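Listed below, chain by chain, are the residues.
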Amino acid sequence: HVRATPEILPGCGHKPGSPAKFDMALTSNGIQPCTLEVGQVCIIFALPHQFGTYLQALAYIEWFTPLREPDHSSGLHQVSCSTR
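Each value, and the rule that gives it
Residues numbered from 1 in each chain as written. Predicted model: local features only at pLDDT ≥ 70, side-chain atom pairs only at ≥ 80, totals over all residues. Heavy atoms only, no water. Helix = DSSP H or I, 4+ residues; strand = E, 2+ residues; numbered from the N terminus. Rg over C-alpha atoms; globule rule 2.2 N^0.38 Å. Contact = heavy atoms within 4.5 Å. Areas by Shrake-Rupley, 256 points an atom, 1.4 Å probe, with all protein chains shown as cover. Pairing = 2+ DSSP bridges. Axes fitted to C-alpha atoms, helices over the stretch in contact; angles between N-to-C directions.

*Asks:* Could you give an account of the overall build of the chain, naming the residues involved and the relevant values?
*Replies:* Secondary structure assignment for the chain yields zero helices and five strands. In terms of C-alpha radius of gyration, the chain reaches 17 Å, well past the compact-globule figure of 12 Å for 84 residues. Considered along the principal axes of its C-alpha atoms, the chain spans approximately 50 × 40 × 25 Å. Partitioning the intrachain contacts of the chain with sequence separation of at least 6 by distance along the chain shows that 18% fall at a separation of at least 24. Summed over its atoms, the accessible surface of the chain is roughly 7,300 Å², and 61% of this surface lies on carbon and sulfur atoms.

*Asks:* Tell me about the sheet that holds strand 5 (residues 58-63), residues and numbers included.
*Replies:* Reading across from one edge, 3-4-5 is the order of the three strands in this open sheet, with antiparallel pairing throughout. In this open sheet, the two strands that pair with only one neighbour each are strand 3 (24-28) and strand 5. If you compare each strand with its neighbour and ignore which way they point, the axes differ by 50° on average. Bridge analysis of strand 3 against strand 4 (residues 36-45) gives five bridges, and the strand direction is antiparallel. In the strand pairing of strand 4, Thr 27 is matched with Glu 37.

Written as structure tokens, this is what we have:
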């Protein structure tokens, strides 16, 4: 499961707000199972019925570049926002 939650503005009194939260996702295109793609879920939505019926929710995803070699000091893979 992936999640996208909107920003919650501070309420009256002392109730704090919270920033928007967007899950990251690792996906496989199914053609090359060892190739993972990185994306960030920005919004989860449903279309009006005149555009068809879908069994699952739809998602707008911002994609990142393929995983690069791990960083030598942290061991973490690096990605950048994709421009494709």
